[in-house]
Amino acid sequence: MLRFTDEHEWLKLEGDIATVGITTHAAEQLGDLVFIELPKVGAALKKGEAAAVVESVKAASDVYAPVSGEVTEVNPAAVDDPATVGSDPQGAGWLYRIRLSDPGAMDGLMDEAAYAAFAK
């Protein structure tokens, strides 16, 4: 199940773990990424709070937690080579994985068609 937020994050749910990243639209708007800061494994995140930072040659932007839960894994490749997030944001450039405290939280997020219309 792939879902999107109005803050331009995507989530892919597998069981009770969601992989989170920024959307292709967000990556295109940011331009060349030069720095990524990710949450710590074990961190408890609340929906809507800043969870990560992506910095480009244009600006630094917070990445907000799209759901509440506990960070189970981070993507070291995103930190080691921020360009990966810019070139493949919805693939190899994922940011972190979170165990949802409420799987029903995905219901309030956009599907691909709704996000495409929103991002126009």
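- Going by an unreviewed UniProt entry, the protein chain carries the name Glycine cleavage system H protein and comes from Methylobacterium planeticum.
- Turning to the protein chain, the UniProt record has this under Sequence similarities (unreviewed entry): "Belongs to the GcvH family."

## Things to note about the sheet that holds strand β8 (residues 69-74)
Then step 1. Taken together, 6 strands build an open sheet; the order of strands is β1-β2-β3-β9-β8-β5 and the sheet is antiparallel. Strand pairing shows two members of the sheet lacking a second neighbour, β1 (2-4) and β5 (44-45), which therefore form its edges.
Then step 2. Bridging between β1 and strand β2 (residues 9-14) involves 3 bridges; their strand directions are antiparallel. Within β2, the residue paired with Arg3 across the bridge is Leu11.

## Quick notes on the UniProt feature "domain: Lipoyl-binding" (unreviewed entry) in the protein chain
Then step 1. When the UniProt feature table is mapped to this numbering, "domain: Lipoyl-binding" (unreviewed entry) covers residues 17-99.
Then step 2. Segment residues 17-99 splits into 20% helix and 42% strand. End C-alpha atoms: 4 Å apart.

## Some points on the pairing of strand β7 (residues 60-64)
Then step 1. Here strand β6 (residues 50-56) pairs with β7 via 5 bridges, running antiparallel. Pairing of Ala50 across the sheet is with Tyr64, part of β7.

## Some points on the side chain of Thr5
Then step 1. Its place among the elements puts Thr5 in the loop between β1 and β2.
Then step 2. A distance of 2.6 Å separates polar atoms of two side chains, one belonging to Thr5 and the other to Glu9.
Then step 3. Residues within four places of Thr5 in sequence aside, it is in contact with Leu11, Pro66, Leu109, Met110 and Tyr115.

About the criteria used
Residues numbered from 1 in each chain as written. Predicted model: local features only at pLDDT ≥ 70, side-chain atom pairs only at ≥ 80, totals over all residues. Heavy atoms only, no water. UniProt positions renumbered as here; feature names shortened; annotations may be inferred. Pairing = 2+ DSSP bridges. Helix = DSSP H or I, 4+ residues; strand = E, 2+ residues; numbered from the N terminus. Polar contact = N/O pair within 3.5 Å; in protein donor to acceptor, adjacent residues only side chain to side chain. Contact = heavy atoms within 4.5 Å.

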